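Coordinates in review
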Amino acid sequence: MQLYGRSRELLQMQTAAAPLTIVSGDSGAGKTALLGIAASDESTAAVHSSVITLQRRAGSLQLALMQALASILEARAAEEGSLERLSRMLARASTKVVEARLRDLAMGASAMLFGWVKDKLGDTVGCALEDLAHELATTSTDEFAARISAGADRDVVDTFLALAAEIQAYVGAPLVLSLDGAERLGEDDRRILLDIASAPLGPVRLRVALALASEDASAWALQLREVGAADVRLHGLDADAVSSWADDSGVPIDIGRMMRVTGGMPVYVDAALAHVSQGGELRELPIGESFQAQTEAAFHRLSRDARRACVVLSALSEPPNTDEIVELLGVEQDAWLQVRRDLEHARVLATTVDGLPWFHDLRRRAIWETVLNDDERRSAAHRVLEYVMDRSRADQVSVRHAVDLARLSCLDPVFCAENPGLQAVLEADVMELRILVSVMELVMPGDQQAIDAASALEHARETLGARGDLVAVLRGLVDRGLLVMAENEHAAVVIPAWSSAASLLACLGRGADELPRIPVPRLATAVFDSVLRSALGPFHSGHYGVGQPRVSGLGEMLRDLQMDRSGDTVTVRTLHGLTIRLRAQGVSVYGAIGFEDAADRDHALTQIRDAVDYQDSITLDALAPWPCDAPLPSSRFVDAWGLLTSTSRRANTPASSNSAEPVRDILERCRLLYTAIRNASDDTTRSALGLERPRGYVLSRSDRQLMYAEVSGLDRVIEVASAAVPTPFFGVQSPFVRVELAESAGLDGTQRVGVMHYRMGLDTDDLMAKVIEGTANDLKKFNQAQGLATQRPLLRLPARVQTIHEAVQGALDRLSADALAIAETGAVRPHSDFSPYRTMYLLVRVPPDEPSWVFGAHGSLTSTSAPATDRNSVHVIVETDADPEPRPFIEESQELARAFGLDPELDTWSSGDLISGLSELLGMGRDWSNQVRLEAG
């Protein structure tokens, strides 16, 4: 048996030196399990009895002690395979009793033990010696049995101790006896246990489980401690232990909700895991009959004031603070504190929530659902609902208040009638609830709360588990007046129609109680205000929201912030930007923030990281300054593709596949191509390409029509029947096409449909080329988004031969790595002469004056390359005393050949102005020459 979170308590039991150890705790704390684990521990020298359960009858303690001894004898006799030694020991035991008054009892006790063992083992062991067996078998046990049944008897206890000493000698080790259910013992048995706790027992140790189910049991536990008993106190398990238990059980749970429901009590954790594994929900965990009866008995033992407090408080899901409870109950603070002490003492409030004494949720539900009558529940519900609305009007309402309002409103028809829209929210099914919560989270502050309807459905799918025909569910909510929607064939927007504050609170409360996570109204604003605003310090302006825009998109937002528009006048200011992408409770949130001072921006970078480190529910995905230090090489993958598929140094455009293979196979190769690009990229490049996660496809085709959609987070190609495609390929379009396609393809919440492609005809020869061209376009967009108003160059290189050599060498090595990464996936078959390595020769011609060398106004660059065997190499010659004006290409190439002693018939030559040529060699393409600059130094 696996025991979670009890290693400290187990060690306490094993090392206790007192003759009596009590294992105390509330019902369900795992006392019996801990006794059982300790009794099966073979690492100690002691011999353990079975765990014997005490009964509610006179003499129960004495009988249980004898049964514990018998369990030890049974195990030893079974090991020996004979009753011979056992019968000898028991027959001699009574003769060793010094006091004559105990000898007959000792003989009767020995006979009783022998009879129990013989009956239990039967023919599985050999017979004892005939004469001893006969003597024990014929000895009358009536007197001993009668004295046990008559009640507590000190002579019986002394007889037990005498026999225990003989048995200890027989087994050759100390004895540990374990008894469960000591709260059932009567007064006489309790007195005997007090005597045992205060007197040495020699080689015998006694462990007793005691449930603190009443004030009486708690008082008795205190008495036992006062006379010397060791007390191992069991509380609920902590969240880590419960989480480990759930993980080992393979049952996915919300650990916070599990702790609220069970209080960490092992018996209820075990029941909850079994309930959830069978498809049940935690909030519907059944209440056992014995627990119900125990709760009812505890409730009726309370004082009148304590019962009155229980009636109201059991209507609440979590504890209010002291001031709130005083207001809710209408009592003075001192009176409440006394009632709270009484409830804690009676173990009605037996756990803590947010540091406050409270019911564990099963206890609260047992009181609310089974102990209270209908009138008490209605009265309590009415009082709590009034209280929650008072808090709402004071803008002091919490998620906890919302949960209580949602759960209690159905008990107060008048309250429902007074709050328009409330009944409709209460009657919404769980799928409608997911969409309502999604809208509630996505709306932003301000008068205009319209949001994109498709985005709301995607948010519901991805973060709230919504599935099915969500468009139909959305329209149903519109028909019932909970949402307002406007749409055309291209777009749809929705606005929440909360007719009352209570209807909004009910949506929040039901979401917190029934959905996989706790909803956060105006999620982006809440995260910005609670996590980012203070960490940012002084900033000029910014954008934020829910979603996963690419970094280039965030850059475009920052560029827009630079434009100060006043009428027809546009003033451009210089801002230092910060791009932020994080996840709050699994929901993606972004920010693009502009600072007037670069030092403020840099300070905010550190502060945000520190702030997020203290937020368990927040994960930082990306945090970067804007603009970046250097542009990304936009043509790097085009160049790698050209190296793989063309015999020339690079192809101006990616070659077509010219393949008649099935479209699904081609898309699979496109997927592998994305995988290679993703693996070869650093984090910034992945962000620019939108490849933070794998990218797959959903495909559908019919007659001569083809549709394929890129899907982020998908690692395969899925084909759906043409009938499952939600809209015609051409003609009237639906604003919900991506949501409907995601449902048709069975995508999960981590997979999002991106760009959708439609084609007339099934020609797919250029699909892989489109992937490669797309990377160049995306990287160009990223670079464009970095440009400030001054359009200053983003890549500065000192005007030194060594610098140029290192830059081109690095670009060549990257080219080789990219080409090899693509080839290794099998996405494309390299051409027959493919070599990943090149030897490159560069001839730079510049005038002797430095400004021209620095700015490259008149410099030229001629280059050629040839395949190499196992590595790249670059050779550079700079001529500074020549006329750099452009000359015919043949003259440039011949000059390079003479400078390096090369064959002028090489077929890969390039010539042009210095900056454009250098830009191309570095993977930037000639169109980005305005972003590259050589500087003095």
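Starting afresh in each chain, residues are numbered from 1 along the sequence in its written order. Reporting of local features is limited, given that this is a predicted model, to residues whose pLDDT is at least 70; pairs of side-chain atoms are given and counted only at 80 or more, and all residues count toward the totals for whole chains, interfaces and linings. Think of the side-chain values as coming from all heavy atoms in the structure, minus any hydrogens and water.

- The name an unreviewed UniProt entry gives the chain is AAA ATPase domain-containing protein, with Nocardioides alpinus as the organism.

1. Observations concerning the overall build of the chain
- A run of DSSP states H or I qualifies as a helix once it reaches four residues; a run of E qualifies as a strand once it reaches two. Both are numbered from the N-terminal end. Assigned secondary structure in the chain consists of 38 helices and 26 strands.
- The rule is simple: take the accessible area with a 1.4 Å probe, protein chains only, and divide by the maximum for that residue type; under 20% is buried, over 50% is exposed, in between is partly exposed. Buried positions account for 52% of the 937 residues belonging to the chain.
- Contacts in the chain between residues at least 24 apart in sequence constitute 73% of all its contacts with a sequence separation of at least 6.
- Accessible area for the chain stands at about 40700 Å²; split by element, carbon and sulfur atoms hold 48% of it. The contact definition used throughout considers only heavy atoms, calling two residues in contact when any of these lie within 4.5 Å. Where accessible areas are quoted, they stem from the Shrake-Rupley method and a 1.4 Å probe; at the residue level, only the protein chains shown are allowed to cover.

2. Description of helix α25 (residues 470-479)
- All of the buried residues in α25 are L470, V471, V473, L474 and L477. Seen end-on, α25 carries its buried residues on one side only, within an arc spanning 160°. In this description, one arc is meant: the one made by directions from the helix axis to the C-beta atoms.

3. A few points about the layout of surface pockets
- Space inside the second largest pocket adds up to approximately 740 Å³.
- Using protein atoms alone on a 1 Å grid, points that fit a 1.4 Å probe yet trap it form a cavity, whereas open point sets bounded by protein on both sides within 12 Å along at least five of seven lines form a pocket; residues with an atom within 4 Å of a point count as lining. In this structure, the second largest pocket is lined by 33 residues; those nearest its centre are S27, G28, K31, E183 and A211.
- Secondary structure elements with two or more residues in the lining of the second largest pocket: α2 (31-39), β4 (204-211), α10 (215-226), α13 (266-277) and α14 (289-300).
- Considering only residue class, the lining of the second largest pocket consists of 15 nonpolar, eight polar and ten charged. Grid points are joined across faces, edges and corners, and a volume is the space filled by probe spheres set on the points. Following the grouping adopted for this structure description, the nonpolar residues are Ala, Val, Leu, Ile, Met, Phe, Trp, Tyr, Cys and Pro, the charged ones are Asp, Glu, Lys and Arg, and the polar ones are all others, Gly among them.

4. Here's the deal with the nonpolar core
- Throughout, nonpolar core names a set of buried Ala, Val, Leu, Ile, Met, Phe, Trp, Tyr and Cys residues whose side chains join them through atoms within 4.5 Å. Grouped together as the largest cluster of nonpolar side chains are 78 residues, with contacts concentrated most on W336, L343 and L405.
- Those residues in contact with L343, other than ones at most four positions away along the chain, are L302, A306, C310, W336, V348 and L349.
- By size, the runner-up hydrophobic cluster in this structure holds 57 residues, among which are A676, F782, V874 and L918.

5. Re the packing of aromatic side chains
- Aromatic contacts are taken between Phe, Tyr and Trp rings whose centres are within 6.5 Å, Trp giving its six-membered ring; a plane angle under 30 degrees counts as stacked, one over 60 as edge-to-face, and the others as tilted. Across all of its chains, the model carries nine aromatic pairs by this definition.
- Aromatic side chains Y674 and Y697 sit 6.4 Å apart centroid to centroid with 35° between the ring planes, which places their arrangement in the tilted category. Here Y674 is found in helix α31 (residues 663-680), whereas its partner Y697 is found in strand β17 (residues 695-702), with 23 residues between them in sequence. You'll find Y674 and Y697 in the same group, each marked buried.
- Grouping aromatic residues by their ring pairs yields a cluster made of F528, F539, Y544 and F595.
- Sitting over a ring, as applied to charges here, requires NZ of Lys or CZ of Arg to be within 6 Å of the ring centre and within 35 degrees of the ring normal. It is R190 that lies over the ring of W220; its NZ or CZ is 4.5 Å from the centre.
- Between the NZ or CZ atom of R695 and the centre of the ring of Y674, over which it lies, the distance is 4.5 Å.

6. Thoughts on the environment of R378
- Inspection of the secondary structure assignment puts R378 in helix α19 (residues 374-393).
- Linking R378 and C410, residues 32 residues apart in sequence, is a C-alpha distance of 9.6 Å.
- Under this definition, polar contacts are N or O atom pairs within 3.5 Å; protein pairs additionally need one hydrogen-donor-capable and one acceptor-capable atom, and for neighbouring residues in sequence, both atoms have to be side-chain atoms. A polar side-chain atom of R378 sits 2.6 Å from a polar atom in the side chain of D375.

7. What to know about the sheet that holds strand β20 (residues 752-760)
- Ordered in space as β19-β17-β18-β20, the four strands form an open sheet in which the pairing is mixed. Of all the strands in the sheet, the pair left with one neighbour each is β19 (717-719) and β20. For this sheet, the mean angle separating the axes of adjacent strands, direction not counted, is 20°.
- Strand pairing follows a simple DSSP-based rule, namely that at least 2 bridges must link the two strands. Two strands pair when backbone bridges link them, and strand β18 (residues 705-712) and β20 are joined in this way by seven bridges, in the antiparallel orientation. Residue pairing in the sheet places V711 in a bridge with V753 of β20.
- Across the sheet, α31 lies against β17, β18 and β19, angled at about 165° from β17, the strand it touches most. In this analysis, axes come from line fits to C-alpha atoms, helices being fitted only over the stretch in contact, and the angle between any two N-to-C directions falls in the range 0 to 180 degrees.

8. Digging into the packing of helix α24 (residues 453-464) against helix α33 (residues 737-744)
- It is at 8 Å that the axes of α24 and α33 come closest, and there the two elements cross at 30°. If you check the angle between α24 and α33, you find them roughly parallel. Residues A454, L457, E458 and R461 of α24 touch α33, and the partners they reach there are R738, V739, A742 and E743.
- Across the contact of α24 with α33, the residue classes tally to four nonpolar, no polar and four charged. An angle below 35 degrees is read as roughly parallel, one above 145 as roughly antiparallel, one from 65 to 115 as roughly perpendicular, and any other as oblique.

9. As for the sheet that holds strand β9 (residues 483-487)
- The strand order across the open sheet formed by three strands is β8-β10-β9, and the pairing between neighbours is antiparallel. Looking at the sheet topology across the chains shown, the edges are occupied by β8 (451-452) and β9.
- Bridge count between β8 and strand β10 (residues 492-496): two bridges; the pairing is antiparallel. Along β10, the bridge assignment pairs I451 with V494.
- Against the sheet, α25 touches β9 and β10, its axis set at about 120° to β9.

10. Focus on the side chain of H48
- Within the secondary structure, H48 is located in strand β2 (residues 47-53).
- H48 gets classed as buried once you look at its relative accessible area, which sits at 16%.
- Among residues more than four places away in sequence, those in contact with H48 are A38, A39, D41, I72, V176 and R207.

11. A look at the confidence of the model for the chain
- When the pLDDT values of the chain are averaged, the result is 83; 86% of them are 70 or greater.
- Every residue gets a pLDDT, meaning the predictor's confidence in that residue, from 0 to 100. Looking across the chain, the model is least confident in helix α6 (residues 130-138), with a mean pLDDT of 46, and most confident in helix α22 (residues 422-427), with 96.
- Contacts of residues 124-139 to residues separated by more than four positions or lying in other chains number 33 contacts, the stretch itself having pLDDT below 50.
- Confidence over residues 647-652 falls short of pLDDT 50; this stretch has 18 contacts with residues more than four positions distant or in other chains.

12. Focus: unusual backbone geometry
- Look at the link from W626 to P627: it is a cis peptide, with omega at 0°.
- Turning to its location among the elements, P627 is positioned in the loop between β16 (618-626) and α30 (636-645).
- Positioned with a positive phi, D395 is a non-glycine residue whose angle comes to about 55°.
- Position of D395 relative to the elements: it lies in the loop between α19 and α20 (399-408).
- One non-glycine residue, R522, lies in the positive phi region at around 45°.
- Following the sequence through the fold, R522 ends up in the loop between α26 (501-514) and α27 (523-536).

13. Examining the environment of L224
- For L224, the location among the structural elements is in helix α10.
- Sequence-wise, L224 and I196 are 28 residues apart; in three dimensions their C-alpha atoms are separated by 9.7 Å.
- When sequence neighbours within four positions are dropped, the list of residues in contact with L224 reads L20, I22, L193, L194, A197 and A229.

14. Details of the pattern of salt bridges
- Here, a salt bridge means any Lys or Arg side-chain nitrogen found within 4 Å of an Asp or Glu carboxyl oxygen. Tallying each qualifying case throughout the model produces 35 salt bridges.
- Of the charged contacts, one joins E514 and R510 as a salt bridge, the two residues approaching to 2.9 Å between their closest N and O atoms. A residue pair is termed a helical-turn pair when its members lie 3 or 4 positions apart in one helix, as E514 and R510 do in helix α26 at four residues.
- The shortest N-O distance in the salt bridge between R636 and D818 comes to 2.8 Å. Pair noted here: R636 is in helix α30 and D818 is in helix α35 (residues 801-825), with a separation of 182 residues, a long-range link. Each member of the pair, R636 together with D818, is buried.
- One continuous salt-bridge network, built from bridges that share partners, spans R6, R8 and E9.

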